[in-house]
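# Fold and geometry: a report
What follows is each chain in one-letter form.
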Amino acid sequence: MMTVTERIITIAICAFATMFTRFLPFLVFPEKKPTPKYITYLGKALPSAIFAMLIVYCLRNVELVGGNNGIPEALAIIVTCALYFWRRQMLLPIAGGTISYMLLVQLVF
Amino acid sequence: MTKAKSAVRRKAFLAAFPYTIPIFAGFWFLGLVYGVYMNVSGFSFWYPMLMSLTVFGGSLEFFMVTMLLSTVAPLETLLLALMIQARHVFYGIAMLEKYRNLGWKRFYLYFALCDETFSLNYTLKVPVGIDRGWFYFSVSLLNHLYWFTGSTLGGILGSMINFNTQGLEFVMTALFVVIFLEQWSKEKKHYTAVAGFFASIVSLVAFGPESFLLPTMVIILLLLTLFRKPVEKAGGLTASISEGTVDP
């Protein structure tokens, strides 16, 4: 069991580690200096890959074999995509996808 | 603070707010769950409150409950935290251009660059006539506030809360899907999106759900470096400040 001081030290370490990862690129490539071309390229190429990674991260515990076979997730993502391409805005597809997912897991599966 | 300056801030705040509504739903839900989890693990609400304020990163904060319940291990804690949070380095690299020339505000923007804030601030178009810096600042601050209040409330209320909100956590998945589609429709070729899915799924299968992020990032970096020529040649990579089309 940790003492209060040890707990605060642990929290401080985690806060420091988080800040380190968030500040690092800005410290290594300061505003005043031109950013290397490779880094500028990464800055443009990374986001699509990152968003794909974040989607997989959100779905990492979905069981494709057994459980619900990922069916509620698949259906809710289809609803989200359909609403997005229909209206091209943000709130409607997010709300529609979430509500259909909640209905699916609460009432159907 | 002059009147004109506070008007600029208020306008930016009001412009940013609608975009953050999905984050409000997601962060209050996840924050409450996290606060309750801390409460039933025997921690006073001061802990989730302090952690949400200073760490402001959901996945690490959930993980820290286990850390805080075992014995103190500073070096192990540091390494684990760095591993869990490593993806933020990518966010910073992607935001280098957008967070340029924003004065003192940039330090808070760096500090508050969580998954959701990055996704919004990277994708959103700053509306015409709205101060860029204060817009990004408002998105960051609102998200921070949602997470902070949600987890503190969860820590205070504890197991008194009756959760009839099964499935609400999907709001974060839906947010990332919409952000992904927005990015997808801006690009002519989708090499990098495909690389992201490929890397994530391969790593997930190989390393399992709890430790696939680091290998995913390594594979993404390798792919983007190896295929830099074709990706750049294909064009359609967008990172300029004025781009982005989504409405709230």
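Residues numbered from 1 in each chain as written. Chains lettered and ligands numbered in written order. Predicted model: local features only at pLDDT ≥ 70, side-chain atom pairs only at ≥ 80, totals over all residues. Heavy atoms only, no water.

## Thoughts on the domain arrangement of chain B
Domain parsing of chain B yields domain 1 (3–172) and domain 2 (187–248). Domain 1 of chain B and domain 2 of chain B are separated by 23 Å when their C-alpha centres are compared. (Domains from an automatic or database assignment.)

## Quick look at the packing of helix α2 (residues 21–40) of chain B against helix α3 (residues 46–54) of chain B
Residue and element names in this part refer to chain B. Running from N to C, α2 and α3 point in directions that differ by 135°, and their axes come no closer than 9 Å. Viewed along their axes, α2 and α3 adopt a mutual orientation that is oblique. Helix-helix and strand crossings are classified by hand; for α2 and α3 the assignment is right-handed. In contact with Tyr34, Gly35 and Met38 of α2, α3 contributes Tyr47, Pro48, Met51 and Ser52. Counted by class, the contact of α2 with α3 contains five nonpolar, two polar and no charged residues. (Axes fitted to C-alpha atoms, helices over the stretch in contact; angles between N-to-C directions. Helix = DSSP H or I, 4+ residues; strand = E, 2+ residues; numbered from the N terminus. Parallel < 35°, antiparallel > 145°, perpendicular 65-115°, else oblique. Left-handed = near helix turned anticlockwise from the far one by under 90°. Contact = heavy atoms within 4.5 Å. Nonpolar A, V, L, I, M, F, W, Y, C, P; charged D, E, K, R; others polar.)

## Description of the packing of helix α4 (residues 91–108) of chain A against helix α10 (residues 170–186) of chain B
For the pair α4(A) and α10(B), interaxial distance at closest approach is 9 Å and the crossing angle is 140°. The angle between the axes of α4(A) and α10(B) places the two elements in the oblique class. Of the two elements, α4(A) crosses α10(B), and the hand of that crossing is right-handed. Of α10(B), the residues touching α4(A) (which contributes A:Pro93, A:Ile94, A:Gly97, A:Thr98 and A:Tyr101) are B:Phe170, B:Val171, B:Ala174, B:Leu175 and B:Val178. Here the residues of the contact of α4(A) with α10(B) are counted per class, giving eight nonpolar, two polar and no charged.

## As for the interface of chain B and chain A
Between chain B and chain A, the residue contacts involve 104 residues of the former and 68 residues of the latter. At the boundary of chain B with chain A, total buried surface from both sides reaches about 7800 Å², with 75% on carbon and sulfur atoms. Among the residues chain B hides against chain A, the three largest losses belong to B:Leu96, B:Tyr110 and B:Phe170. Together they make up 9% of the total. Where chain B touches chain A, the interface holds one salt bridge. Put simply, B:Arg106 and A:Glu31 hold a salt bridge, and the shortest N to O gap is 3.8 Å. Of the residues forming the side of chain B that touches chain A, the biggest block, 15 residues, is contributed by α10(B). Of the residues belonging to the side of chain B that touches chain A, the class tally is 68 nonpolar, 24 polar and twelve charged. (Buried area = accessible area lost by both parts, 1.4 Å probe. Salt bridge = Lys/Arg side-chain N within 4 Å of Asp/Glu carboxyl O.)

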